[in-house]
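Structural description and commentary
Residue strings, one per chain:
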Amino acid sequence: MGTGMVIALAHGVGLLALVLLAYRLLLSRFGGRRSFGPLSGLLFGAAAILSMMDAFPVADGVIVDLRNVMVALAGVFGGWPAALTAAAVGSAYRLWLGGAGVATGLIGMGLTGLAGVLAAPLLRRNGREPGFRPLVLFGLLVAPLTLAPFLVLPAWGPAEILQRLGLPLTGFTVLGIALLGMMLAREHRRVGDERALARSEAMFRAVFDHSIDNLFIGKIAGDGAFILQRGNAAAFAAMGTTAEQAQGRSPDAFLPPDVAAKLADDLRVCIDSGGPIRFEDKDTRDGVTRYWEVSLVPIRDADGTVAMVSVGARDITRRHEAERAIRESEARYRLLARSVSDVIGRVGVDGVRRFCSEAVRDSLGCDPAELVGRPLTERMHPDDRAAVTDGLGRMTPTSPTMKSTYRLRHADGHWVWIESAVRLVADDWGAPLEFVSVERDITARKVMEAELQDARRAAEAANRSKGEFLASLSHELRTPMNAVIGFADLIARESEGPIGNPFYKDFATNIRDSGQHLLELINEILDNVRAEAGQLVLDDEVVDLEQTATFAVRLLTPRAGRAGIALTAAVDPAARHLRGDEKRIRQILLNLLTNAVKYTPAGGRVSVGAALDADGGLRLEVRDNGMGIAEQDMGRVLQAFGRVESAANRQVEGTGLGLPLTRRLVELHGGTLSLSSTVGQGTTAVARFPASRVADESGRFAVPATPPLSSWAPLSILMVEDDQTIRETGTALLRSWGHRVVAAAGAGEALVVLRSPETLDLLFSDIVMPPGMNGAELAREARRLRPGLPVLLASGFAAHAVVADDAAQAGFDQIAKPYDAAELQQRLDRLRPSGSGAPAGGSAEAPARVERPVPPPPPPPAPAPPRPVAETAEGLRILVAEDVEMNRMLVVTILKQLGHRVVAVEDGAAAVAAVRRHAFDLILMDVNMPVMDGLAATRAIRAMVPPANATPIVALTANTFPEDVAHCRAAGMTGYVPKPIDRKLLMAEIARSVVPPPAPRPGLEPELGLNGKGGPAT
């Protein structure tokens, strides 16, 4: 019996396909109509009859089939009319069959039809058709309702019903509802989409065909030509053709050639852009110009290709003319209102201001918004209100003007006399609309004339100052440039014979020194600009004025000695310590002392002193008995490039930037700088600092004494000095004391030694070296490579002594040049590694000594493994990206002389392309280039796959401010070389940045080098 039942129910499932086909036809023709419910009910009722005709008899007069599936789905998809009709038709047939199961069949169809009607709102809520899961759940609901009516059979109990009918009837009921329900839901969605599409198309046709805008659609033919697919009547009328003549043809068949060509160009632009474009155009025909607002929208086919273009053109001639008229009128009105000093206003017939021009700010000192919406007489003097009110009341269209004088209250409370001219504005019927007034401030007329006179004098003075500033700047810049250009010209013309002549070396040295002087001048100008812009930030620390004064005096002693000038310093112990920025305090003192020495004749005296004032403030004083400054020139010397013109001063070189910068630095510390001078007797410069800047004994930093060494041992010293004479003298002195010395002419050579296994106990380096890595930066790199290596830095260049601030910030010891033997010996003893006979190697801890609180440095990374010099300095594959040909030629020449292989390109995009094609050991990247700048190129390279993204990149830039260097680092650059490019610094940066190259590999043939224009880098 079980197998037969399954076969019968399976036949019922097969009936679903027939039901679906009939339902599709019924839904297509009657869907949405009132008759759809009863008709679909008849269909489901007929399906129920067919199911009962192929039913399985489980007992005498009792049959099993899928009629309840049909009745339930009729309720879901056709509503109660369909459910009632389907149940009635099925019940009639079941009554006709008769037998013991008639009641069971009737009850089952009634319950499942009711369940379908009740479940329909849930299954099809929000107009959405049910999915598979909701239909399965509904089938599980209908299955018990199908089994329950069998309980009315007296011979059947619940257990027997479940055993005989439960599984097959439940399974096929759920399966039938889920399958047929899904197919019926899909048909409803399909028909709904088709009807929505039809409605949309109908609306589109209505809008398209009856729009007053010119609309047409162009189709792209296979050969790229444009064919007019469809257009509306307005478009054909504007084009002077008809639909029969234009549709299906190319525009050049019915449009003038120029118009057709312009249309074709616009369509191509739209296709190329891939998106909608909108623009305004104008067309002149028969002497009449019309303006159009044109929009083109690409229409894509299923694969995303632009197949058609929708074109819309709206005639905006009237709008364009109206807008132009409004703009012209408004421009004239605003020009009139802004061009006159009088207050132009509009006043309503009720006496309330409706508009006030901007000139009211000058006349009454208030914003126009404060007057608009307020009565005209509100700010008027009480004695004048009645006359003005009566005068406005007497104005008529036949007597529309009035002139009056009255007083208005200024924003600060005083009264301003106003001369007013008022005109009544009426409409076409003579009804008053408003008053237009022109108010003139006659009280301030004389004051304004005086202010204009003062303003003219100030402008003339500013122009004179600007001219003098530019003249001074031109003179200071041209002086070193004269030497650069002159000596370069002598070399270029080979004026002293062939290039091998030793004179040319002197010429080159003069060019280099003049260029260095020019660079120093630019740095001083930038310092002044940054000071004036408020971009100088002070560090707050305790400054030992005694040490600072001693340092400054020692730096200037050689120069003073050559001029026969006595230089002394005296610091009151009570004024020894000052809270401030040590770098800037040192710069203040050096600037003042340098000026005093420059303007003091031979045999003169210059003294520096520090003491406390009566109010507790600190007075730093520099006194000389030089040529002095006239009283009328005292203000001039404190201006940028300001110099006193005299026969004596012309013999002294100077830019006139030192004192203005010094005054600004003193002011940043909360102090003042004052000058007192008598011509022929000397000058006294006094920098006064407030009492809050004075540090007492408790503010001093302890310097613990260095414990005596139990025994003396020679040191292994790396001495870095770019001056050959000083380097050789210092090396000889140190070796005479028994120390082992490794000499280096610059940071590049020093880095090679620091990265090698060489044993070192001390780094002894000059602070100021050729532009690039100075001594302080070299010391920081040495500390990274060799943690704990003691460092001693020296400087003998007063103009750059402030560079030592970097060293002070990092806690490095310093000594001034020229250094005497006793002081140098003392410094070496203090910096000697702890414990006599400790193994030298730069790893021992330095003696515990601090001069100011220094934050502990982060743990240094493990030092890089040493590399042979040949690997770090020679035979590298280097890419140079530089857009300026001369700079590119200079870098390529230097690198090739060093034995490197070079590829040169002239923009960042070419550099990125070169890195994709070939492997390089190092990239020298200019920052500012066309096409793609150096920062963007660096980011692109860092985004590549290894190993290209790990190639060291060194910036070549003339922007050396900290924020510029930070931008380079943030982009992924590993170092930078400032312009103008120094050969030693370039070598040092290459040695610092390069990674050991792998074994020789193909990929960079000599002929691949470029000279920046696509040729070999010869």
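Located above this text is the structure these notes cover.
The structure displayed is predicted, hence computed values, not measured ones.

1. Focus on a nonpolar patch on the surface
- A contiguous nonpolar patch, built from Leu18, Leu50 and Met53 and spanning about 300 Å² of accessible area, is present on the exposed surface.
- Mapped onto the elements of the fold, leucine 18 is located in helix H1 (residues 2-30).

2. Remarks on helix H4 (residues 102-123)
- With 22 residues, H4 should reach 32 Å at 1.5 Å per residue; the first-to-last C-alpha distance of 30 Å fits that figure.
- Turning to H4, its buried residues are Val102, Thr104, Gly105, Gly108, Met109, Thr112, Gly113, Ala115, Gly116, Ala119, Ala120 and Leu123.
- In this structure, the buried side of H4 is in contact with helix H3 (67-97) and helix H5 (132-147).

3. Examining the environment of glycine 365
- Here glycine 365 lies in the loop between helix H11 (360-364) and helix H12 (368-371).
- Assessed through its relative accessible area of 38%, glycine 365 is described here as partly exposed.
- For glycine 365 and histidine 410, which are 45 residues apart along the polypeptide, the C-alpha to C-alpha distance reads 6.2 Å.
- Not counting chain neighbours up to four residues away, the residues in contact with glycine 365 comprise Val360, His410 and Ala411.

4. Remarks on the nonpolar core
- Leu718, Leu754, Leu778, Leu895 and Leu924 are the most contacted members of the largest nonpolar core, which has 44 residues in total.
- The element best represented in this core is helix H20 (residues 747-755), accounting for five residues.
- Of the residues that make up this core, three or more belong to each of domain 4 (716-798 + 812-829) and domain 5 (877-994).
- The contact partners of leucine 895, leaving out residues within four places of it in the chain, are Ile878, Val880, His900, Val902, Leu924, Leu986 and Ile990.

5. Focus: the sheet that holds strand S22 (residues 762-766)
- The strand order across the open sheet built from five strands is S21-S20-S22-S23-S24, with neighbouring strands paired in parallel fashion. Two strands close off the open sheet at either side, each with one partner strand: strand S21 (740-744) and strand S24 (813-816). Each neighbouring strand pair of the sheet contributes to a mean axis angle of 20°, computed without reference to strand direction.
- Where strand S20 (residues 716-720) and S22 come together, four bridges link them in parallel fashion. Counted as the bridge partner of valine 720 is serine 765 from S22.

6. Quick look at the state of the cysteines
- All chains considered together, the criterion is met by zero disulfides.
- Free cysteine: cysteine 366, not disulfide-bonded; nearest cysteine sulfur from cysteine 356 at 7.3 Å.

7. Overview of the pairing of strand S5 (residues 277-285)
- Pairing of S5 with strand S6 (residues 288-300), which is carried by nine bridges, proceeds in the antiparallel orientation. Of the residues in S6, the one forming a bridge with isoleucine 277 is leucine 296.
- Connecting S5 to the next strand, S6, in antiparallel fashion are two residues, including aspartate 286 with a positive phi near 55°.

8. Quick notes on the packing of H20 against helix H29 (residues 983-993)
- Remark: H20 packs on H29, axes separated minimally by 7 Å, with the N-to-C direction vectors making an angle of 25°. Comparing their axes, H29 and H20 come out roughly parallel. Along the contact surface, H20 presents Ala747, Gly748, Leu751, Val752 and Arg755, while H29 presents Ala988, Ala991, Arg992 and Ser993.
- A per-class count over the contact of H20 with H29 returns five nonpolar, two polar and two charged.

9. Here we look at the sheet that holds strand S16 (residues 605-612)
- Strand order in this open sheet of five strands is S14-S16-S17-S19-S18, and the pairing throughout is mixed. Lying at the two open borders of the sheet, with one neighbouring strand each, are strand S14 (566-571) and strand S18 (672-678). Direction aside, neighbouring strands of the sheet carry axes that sit 10° apart on average.
- Where strand S17 (residues 618-624) and strand S19 (residues 682-689) come together, seven bridges link them in antiparallel fashion. When the bridges of S19 are listed, leucine 618 appears paired with phenylalanine 689.

10. With respect to the packing of aromatic side chains
- In this structure the tally under the stated criterion is three aromatic pairs.
- When the centroid spacing of 5.8 Å and the interplanar angle of 50° are considered together, the rings of tyrosine 23 and phenylalanine 44 count as tilted. Of this pair, tyrosine 23 sits in helix H1 while phenylalanine 44 sits in helix H2 (residues 36-53), and the two are 21 residues apart along the sequence. Side by side, tyrosine 23 and phenylalanine 44 carry an identical accessibility label, which is buried.

Reading the values: rules and limits
- Residues numbered from 1 in each chain as written.
- Predicted model: local features only at pLDDT ≥ 70, side-chain atom pairs only at ≥ 80, totals over all residues.
- Heavy atoms only, no water.
- Patch = residues over 30% accessible without salt bridge, like charges linked within 9 Å, V, L, I, M, F, W, Y side chains within 5 Å.
- Areas by Shrake-Rupley, 256 points an atom, 1.4 Å probe, with all protein chains shown as cover.
- Salt bridge = Lys/Arg side-chain N within 4 Å of Asp/Glu carboxyl O.
- Helix = DSSP H or I, 4+ residues; strand = E, 2+ residues; numbered from the N terminus.
- Expected span 1.5 Å × (residues − 1).
- Buried < 20%, exposed > 50% of the residue type's maximum accessible area, 1.4 Å probe, protein only.
- Contact = heavy atoms within 4.5 Å.
- Core = buried A, V, L, I, M, F, W, Y, C linked by side-chain atoms within 4.5 Å.
- Domains from an automatic or database assignment.
- Pairing = 2+ DSSP bridges.
- Axes fitted to C-alpha atoms, helices over the stretch in contact; angles between N-to-C directions.
- Disulfide = S-S within 2.5 Å.
- Parallel < 35°, antiparallel > 145°, perpendicular 65-115°, else oblique.
- Nonpolar A, V, L, I, M, F, W, Y, C, P; charged D, E, K, R; others polar.
- Phe/Tyr/Trp six-rings, centres within 6.5 Å; stacked < 30°, edge-to-face > 60°.

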